[in-house]
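# Chain and residue survey
Residue-level listing of the chains:
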Amino acid sequence: MTDLLATADRTPDDPDRAQPATTATTRTPTAAALAGASLGVATVLAGLFGGFFLTYSASVQLGLAEVDDLTYVRTFQAINATIRNPAFAVMFFGCVPAIVLAWVLNRRTDRRAAVALAVGAMLCAAVVVITFVFNVPLNDELAGWVDPTAAEASVARAEFETVWNRWNLARTILSVAGASAVAVAAVSARRGDAARRS
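Attention in this report is confined to the structure presented alongside it. (Residues numbered from 1 in each chain as written. Predicted model: local features only at pLDDT ≥ 70, side-chain atom pairs only at ≥ 80, totals over all residues. Heavy atoms only, no water.)

### Examining the overall build of the protein chain
The criterion, for reference: Labels follow the DSSP assignment, with helices taken as runs of H or I lasting at least four residues and strands as runs of E lasting at least two, numbered in each case from the N terminus. In this analysis, two residues are considered to be in contact whenever any of their non-hydrogen atoms come within 4.5 Å of each other. The Shrake-Rupley method, run with a 1.4 Å probe, gives the accessible areas here. Residue values count only the displayed protein chains as cover.
Along the protein chain, the regular secondary structure elements total 6 helices and 0 strands. If you list the helices and strands of the protein chain from N to C, you get α-α-α-α-α-α. The contacts of the protein chain with a sequence gap of at least 6 include a subset with a gap of at least 24, amounting to 80%. A total accessible area of about 11,700 Å² is found for the protein chain, and carbon and sulfur atoms account for 66% of it.

Okay, here's the thing in structure tokens:
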């Protein structure tokens, strides 16, 4: 008790006066703004990422299941030929780097958010891997059927549809889970900021 009172009585000029410890969670206003902005961008891109696959599974995939073989093959070929556009590229290729950047800028200030971001990055990265290892090769095989007849379209669809849908379901589950993890990180970081300001 005596030591505590002595510490409190020291003047600002006292070189031995106790100073607040600098911790890893201390951030400058600029660093805090960058961390928050990175988390916001990651949340938006992850939401678009998961939403893209969920929407495809819940609408396009179901609609294609109802059409004839020739229409199915031609429509899927058209989708694959036009999907490589700037909007898709930003969402698909920007998602994981954005989450990693958010993790780098937030990992020392909110451990819970850092863990959620790490999980989200791994889940979304798994979607990218599945896409290039399984779905893209199947798309390329389907593209090889040039002006197919109805009989050829039936064969092409039989070799493609079930396997492609199975991997797309995996992508949908993983991407939605990844987006959810990033959302958890955003909420956790927001609560942490509020607690530090109070």
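Moving on from the model shown.
### Focus on the pattern of salt bridges
Opposite charge on two side chains permits them to pair, given that their charged atoms come into close proximity. How we decide: Definition used for salt bridges: Asp or Glu carboxyl oxygen within 4 Å of a side-chain nitrogen of Lys or Arg. Summary of the burial criterion: residues with accessible area below 20% of their type's maximum are buried, those above 50% are exposed, and those between are partly exposed, where the area comes from a 1.4 Å probe applied to protein chains only.
Using the criterion set out here, one finds 2 salt bridges in the structure. A salt bridge links Asp 69 to Arg 157; the shortest N-O distance between them is 3.1 Å. Of this pair, Asp 69 sits in helix α3 (residues 69-82) while Arg 157 sits in helix α6 (residues 150-197), and the two are 88 residues apart along the sequence. Put simply, Glu 161 and Arg 157 hold a salt bridge, and the shortest N to O gap is 2.8 Å. With Glu 161 and Arg 157 both in helix α6 and 4 residues apart, this pair spans about one turn of that helix. Both residues of the pair, Glu 161 and Arg 157, belong to the buried class.

### Details of the layout of surface pockets
Empty space among the atoms becomes apparent when a probe as large as a water molecule is rolled across them. To keep things clear, this is the line we draw: The distinction between a cavity and a pocket rests on a 1 Å grid over the protein atoms alone: a 1.4 Å probe fits inside a cavity but cannot get out, while a pocket stays open yet meets protein on both sides within 12 Å along at least five of seven lines, and a residue with an atom within 4 Å of a point counts as lining. Grid points are joined across faces, edges and corners, and a volume is the space filled by probe spheres set on the points. Following the grouping adopted for this structure description, the nonpolar residues are Ala, Val, Leu, Ile, Met, Phe, Trp, Tyr, Cys and Pro, the charged ones are Asp, Glu, Lys and Arg, and the polar ones are all others, Gly among them.
There is about 370 Å³ of room inside the largest pocket. Taken together, 21 residues make up the lining of the largest pocket; nearest its centre are Ile 83, Phe 88, Thr 131, Val 136 and Asn 139. At the level of secondary structure, the elements contributing two or more residues to the lining of the largest pocket comprise α2 (29-64), α3, α4 (86-106), α5 (111-143) and α6. Ranked by the residues each element gives to the lining of the largest pocket, the list is headed by α5, at 5 residues. By residue class, the composition of the lining of the largest pocket is 13 nonpolar, 6 polar and 2 charged.

### Here's the deal with the packing of α2 against α3
Worth spelling out the cut-off: Every axis corresponds to a line fitted to the C-alpha atoms, with the helix fit spanning only the stretch in contact, and the corresponding angles, defined between N-to-C directions, vary from 0 to 180 degrees.
Interaxial distance between α2 and α3 falls to 10 Å at its minimum, and their mutual angle equals 145°. Of the residues in α3, those in contact with Tyr 56, Val 60 and Leu 64 of α2 are Tyr 72, Thr 75, Phe 76 and Ile 79. Looking at the contact of α2 with α3 residue by residue, the classes come out as 6 nonpolar, 1 polar and no charged.

### Re the packing of α4 against α5
The test is simple: Angular relationships are summarised with four words: roughly parallel below 35 degrees, roughly antiparallel beyond 145, roughly perpendicular across 65 to 115, and oblique for the angles in between. The handedness criterion is simple: a crossing whose near helix is rotated anticlockwise from the far helix by less than a right angle is left-handed, and one whose near helix is rotated clockwise is right-handed.
Interaxial distance between α4 and α5 falls to 9 Å at its minimum, and their mutual angle equals 160°. As the angle between them shows, α4 and α5 are arranged roughly antiparallel. The way α4 lies across α5 gives a crossing that is left-handed. In contact with Phe 92, Phe 93, Cys 95, Val 96, Ile 99, Val 100, Ala 102, Trp 103 and Asn 106 of α4, α5 contributes Ala 114, Leu 117, Ala 118, Gly 120, Ala 121, Cys 124, Ala 125, Val 128, Thr 131 and Phe 132.

### Describing α4
Going by this rule: To estimate the expected span of a helix, count its residues, drop one, and scale the result by 1.5 Å. Think of it this way: the bend at a residue is just the angle between two axes, each fitted to seven residues, one set ending at that residue and the other starting at it. Counting of polar contacts relies on pairs of N or O atoms within 3.5 Å, with two restrictions inside protein: one atom must be capable of donating a hydrogen and the other of accepting it, and residues adjacent in sequence are counted only when both atoms are side-chain atoms.
Between its terminal C-alpha atoms α4 stretches 28 Å, which fits the 30 Å expected from 21 residues at 1.5 Å a residue. Considering bend angle alone, the principal kink of α4 is centred on Gly 94 and spans about 50°; proline Pro 97 follows within four residues of it. The set of residues buried in α4 consists of Phe 88, Met 91, Phe 92, Gly 94, Cys 95, Val 96, Ala 98, Ile 99, Ala 102 and Asn 106. Capping the start of α4 is the job of one residue whose side-chain oxygen sits 3.2 Å from the backbone nitrogen of Ala 87: Asn 85.

### Some points on unusual backbone geometry
Positive phi, normally seen in glycine, also occurs at Asp 147, with a value near 45°. Relative to the assigned elements, Asp 147 resides in the loop between α5 and α6. Residue Asp 147 is classed as exposed on the basis of its relative accessible area of 67%.

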